[in-house]
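# Structural overview for review
Each chain, letter by letter, is given below.
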Amino acid sequence: MSLFDTLKNALDGSLGQAAIEALPSIIERVLPGGLQGLLSQLQNSGYAAQVNSWLGRGANEPITAEDLREVMDNEQVRRIADKLGIPTDQVLAVLAKVLPAAVDHHSPDGTLQTPSS
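Let me sum up the structure you'll find in this document. (Residues numbered from 1 in each chain as written. Predicted model: local features only at pLDDT ≥ 70, side-chain atom pairs only at ≥ 80, totals over all residues. Heavy atoms only, no water.)

## Observations concerning the overall build of the chain
- Helices and strands together make up the secondary structure of the chain, namely 6 helices and 0 strands.
- Reading the chain from its N terminus to its C terminus gives the helix and strand order α-α-α-α-α-α.
- The long-range fraction of contacts in the chain, counting pairs at least 24 apart against all pairs at least 6 apart in sequence, stands at 61%.
- Taken as a whole, the chain presents about 6,000 Å² of accessible surface, with 47% of it coming from carbon and sulfur. (Helix = DSSP H or I, 4+ residues; strand = E, 2+ residues; numbered from the N terminus. Contact = heavy atoms within 4.5 Å. Areas by Shrake-Rupley, 256 points an atom, 1.4 Å probe, with all protein chains shown as cover.)

## A short note on the packing of helix H5 (residues 74-84) against helix H6 (residues 88-105)
- Where H5 meets H6, the closest approach of the two axes is 9 Å, and the angle between their N-to-C directions is 90 degrees. Regarding the angle of H5 to H6, the classification is roughly perpendicular. On the side of H5, the interface is formed by Val 77, Arg 78, Ile 80 and Ala 81, while H6 contributes Thr 88, Val 91, Leu 92 and Leu 95.
- The residue makeup of the contact of H5 with H6, split by class, is 6 nonpolar, 1 polar and 1 charged. (Axes fitted to C-alpha atoms, helices over the stretch in contact; angles between N-to-C directions. Parallel < 35°, antiparallel > 145°, perpendicular 65-115°, else oblique. Nonpolar A, V, L, I, M, F, W, Y, C, P; charged D, E, K, R; others polar.)

## With respect to the environment of Pro 24
- Take Pro 24: it is sitting in helix H2 (residues 16-30).
- Along the chain, Pro 24 and Thr 114 lie 90 residues apart, while their C-alpha atoms are 8.3 Å from each other.

## Some details on the pattern of salt bridges
- Throughout the structure, instances matching the rule amount to 3 salt bridges.
- In this structure, Glu 75 engages Arg 78 in a salt bridge whose closest nitrogen and oxygen atoms are separated by 2.4 Å. Here the residue Glu 75 and the residue Arg 78 both occupy positions in helix H5, the gap between them amounting to 3 residues, near one helical turn.
- The partner of Arg 79 in a salt bridge is Glu 75, with the nearest N and O atoms 3.3 Å apart. Linking Arg 79 with Glu 75, this pair stays in helix H5, spanning 4 residues, or about one helical turn. (Salt bridge = Lys/Arg side-chain N within 4 Å of Asp/Glu carboxyl O.)

## Things to note about the nonpolar core
- Counting residues in hydrophobic clusters, the biggest one holds 34 residues, and the most contacted among them are Leu 42 and Leu 99.
- Of all the elements in the fold, those that place two or more residues in this core are H2, helix H3 (34-55), helix H4 (65-71), H5 and H6.
- The element contributing the most residues to this core is H6, with 9 residues.
- What Leu 99 contacts, discounting residues up to four positions off in sequence, is Leu 23, Ile 27, Leu 35, Leu 38, Leu 42, Trp 54 and Leu 68. (Core = buried A, V, L, I, M, F, W, Y, C linked by side-chain atoms within 4.5 Å. Buried < 20%, exposed > 50% of the residue type's maximum accessible area, 1.4 Å probe, protein only.)

## Comments concerning the environment of Val 30
- Mapping Val 30 onto the fold places it in helix H2.
- Considering only alpha carbons, one finds Val 30 and Ile 80, 50 residues apart in sequence, at a separation of 6.5 Å.

## Quick word on the packing of H3 against H6
- Axis separation between H3 and H6 bottoms out at 12 Å; the angle between their running directions is 90 degrees. With respect to their mutual orientation, H3 and H6 come out roughly perpendicular. Along its contact with H3, which presents Leu 35, Leu 38, Leu 39, Leu 42, Trp 54 and Leu 55, the element H6 presents Leu 99, Pro 100, Val 103 and Asp 104.
- In the contact of H3 with H6, the residues fall into 9 nonpolar, no polar and 1 charged.

See the structure below:
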């Protein structure tokens, strides 16, 4: 099963935990600044409330593919698509679905733990 298949199944709920655990490591490897860099981009672009909800305790505020499109450049999207082996037009939807829970999972005490690569 490819990583894309795993993430696709996760979106259907069957392997959600695997996607939550894998996504931060993927982002660490392909984006400058890794996951923390992406979160900083989001915070600096008006999505601090969402990011803070993922880092904090309580419900995770959602983010949309359109929100992510406003923040991420085409090169970042392409790099993630290449690593996942999926079309670039699907990356933002996958991120929107999995990113809040993934950040929440990797910040149990409110501070982001650097995912292992």
